[in-house]
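Understanding the architecture of this molecule
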Amino acid sequence: MAEEAIKISGKKKSSFIDQVKKLLPEGGNLNLCLTCGACSSGCPATGLEGMDPRKFLRMAALGMDEEILKSDWVWMCTMCQRCIYVCPMKIDIPQLIFNARRTKPRDERPKGILGSCNMALKHDTCSAMGASEEDFQFVVEDVAEEVRNTQVGWEELQAPVNKQGAMYFLNQNSREPVTEPDEMVPLWKILHLGGADWTYGTKGWAAENYCMFMADDESWKHIVEVKAKAVDDLGCKYWLNTE
Amino acid sequence: MIRDGRLKVNSDWNKDLKVKFTVQDPCQLVRKSLGDPVAEDLRFVVRTVVGEENFVDMTPNRSNNYCCGGGGGFLQSGMPEARRAYGKLKFDQIMATGATYAITPCHNCHAQVHDLSEHYDGGYHTVHLWTIICLAMGILGPNERTYLGPDLAELLIPEIKEADE
Ligand code: SF4
Ligand code: SF4
């Protein structure tokens, strides 16, 4: 106990609450908590692992980083920001939670997210399911062809890939092309009827970015850069991501 | 596209069926980026497509809506029990609307809301917005109906070409 008290009142080593204060304007209001509990009462993660956002903030303010990281609660917050929305002081608790995620060594972060992030880093498609450029193009063209050949009135349906200079660059979650490709068709039909000038790209087509959730800033940045470059290379004006 | 008439869609198909729909406001789209105006646009589209009287909102909603629990990497984190415990709030919210269909405009939400219905035996179906738009327009192909329930699975199937011999 004595050691604990010294750690809190003395010069503590940089904990994630200090890092966040440095990052955010006005220190992110992190010291202004009124302990009203509005954040916790509307947080769906309240009660999991005996934790809630207000408690998290108190513990972080006390420099209890280790205790916080004992459970997996930081991975159970979805970064939904409802707590900020209802907080009278607009305290950014999710940013704090995000920084707590970052303090875990990379390979100790949840395997599923880690695997998805690593997979996305392998191809320029950024697909967390590892779908390649060729696979994606093949599936899209194959499905579109099938619709043109079988459905009356859709002989002109297009699902363009790498169409230079299209107005919209559309991202696509990996799940459809990989597991249920026919689910892509309704959206294509709507874009067709709306007369939208759009395209997919073989590079950077995947909408998901698990590296962001994993709090792996460099990989996150890499993924965003690959996608942005794909949009630029095709000369598209708008980048649509429904994720 | 609906407002300027490029998409000719209406809710006639649901006048007599009276199938009830609710809609999930994705945190990412509503609270975290475009706010309540986009939530209004979303409702405009849904009401146009399913009929004013067949749309039931969740409470709370729009920017104040609860997250479904699919975001932030939760679906991929390998903690299904915690994820479903988190989602119980959303599940109860959907059940309270009495709707048979939950429309989810976001991918993560679709996967999570669908899983919640299966896990807690909710009996509601989870569909993408564009699926219902195409259904209402009579252009939803036979292979594009995976997530429809038996009540709508056979409705307004468009014409299919005879297979060439
Ligand atoms: S809502 Fe804001 S002020 Fe109230 S307890 Fe939560 S963080 Fe503190
Ligand atoms: S951002 Fe995290 S802590 Fe805040 S309400 Fe959402 S799940 Fe809870």
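The structure presented is a predicted model; accordingly, all values stated were derived computationally and were not measured.

**Brief notes about the overall build of chain A**
Per the secondary structure count, chain A includes 13 helices and 3 strands. In terms of overall dimensions, chain A is more spread out than a globule: its C-alpha atoms have a radius of gyration of 23 Å, far above the 18 Å expected for 243 residues. Reported as C-alpha extents along the three principal axes, the dimensions of chain A are approximately 75 × 35 × 30 Å. Out of the 243 residues in chain A, the part that is buried amounts to 51%.

**A closer look at the domain arrangement of chain A**
Residues and elements named next belong to chain A. Entries for chain A in the domain assignment read domain 1 (16-104) and domain 2 (111-240). For domain 1 versus domain 2, the distance between C-alpha centres works out to 34 Å. Taken together, the 4 residues of domain 1 in the interface contact 7 residues of domain 2. Buried area between domain 1 and domain 2, summed over both chains or domains, comes out near 440 Å², and the portion from carbon and sulfur atoms is 61%. Of all residues in domain 1, Trp 75, Phe 98 and Arg 102 bury the most surface against domain 2, accounting for 80% of the area lost on that side. The tally of links from domain 1 across to domain 2 stands at 1 salt bridge. The partner of Asp 217 in a salt bridge is Arg 102, with the nearest N and O atoms 2.8 Å apart. Counting the contacts that link domain 1 with domain 2 gives 2 residue pairs in polar contact (both at pLDDT 80 or more). For the side of domain 1 that touches domain 2, the residue count by class is 2 nonpolar, no polar and 2 charged.

**Brief notes about the site of ligand 2**
Residues in contact with ligand 2, as listed here, are Cys 43, Pro 53, Cys 77, Thr 78, Met 79, Cys 80, Gln 81, Cys 83, Pro 94 and Ile 97 of chain A together with Tyr 86 of chain B. Among the chains of the assembly, those with residues near ligand 2 are chains A and B. Residues that form the shell around ligand 2 fall into these classes: 9 nonpolar, 2 polar and no charged.

**Quick notes on the sheet that holds strand E3 (residues 238-240) of chain A**
All names here are of chain A. The strand order across the open sheet built from 3 strands is E2-E1-E3, with neighbouring strands paired in parallel fashion. Of all strands in the sheet, those with a lone pairing partner are strand E2 (198-199) and E3, marking the two edges. As paired elements, strand E1 (residues 168-170) and E2 share 2 bridges and run parallel to each other. The partner of Phe 169 across the bridge, within E2, is Thr 199. With respect to the sheet, helix H13 (residues 217-233) is in contact with E1 and E3, its orientation differing from that of E3 by roughly 130 degrees.

**Quick look at the state of the cysteines**
All names here are of chain B. The tally for this structure, following the rule as stated, stands at 1 disulfide over all chains. No disulfide involves Cys 67; its sulfur sits 3.9 Å from that of Cys 27, the nearest cysteine. Cys 67 gets classed as buried once you look at its relative accessible area, which sits at 4%.

What counts as what
- Residues numbered from 1 in each chain as written.
- Chains lettered and ligands numbered in written order.
- Predicted model: local features only at pLDDT ≥ 70, side-chain atom pairs only at ≥ 80, totals over all residues.
- Heavy atoms only, no water.
- Helix = DSSP H or I, 4+ residues; strand = E, 2+ residues; numbered from the N terminus.
- Rg over C-alpha atoms; globule rule 2.2 N^0.38 Å.
- Buried < 20%, exposed > 50% of the residue type's maximum accessible area, 1.4 Å probe, protein only.
- Domains from an automatic or database assignment.
- Contact = heavy atoms within 4.5 Å.
- Buried area = accessible area lost by both parts, 1.4 Å probe.
- Salt bridge = Lys/Arg side-chain N within 4 Å of Asp/Glu carboxyl O.
- Polar contact = N/O pair within 3.5 Å; in protein donor to acceptor, adjacent residues only side chain to side chain.
- Nonpolar A, V, L, I, M, F, W, Y, C, P; charged D, E, K, R; others polar.
- Near = heavy atom within 4 Å.
- Pairing = 2+ DSSP bridges.
- Axes fitted to C-alpha atoms, helices over the stretch in contact; angles between N-to-C directions.
- Disulfide = S-S within 2.5 Å.

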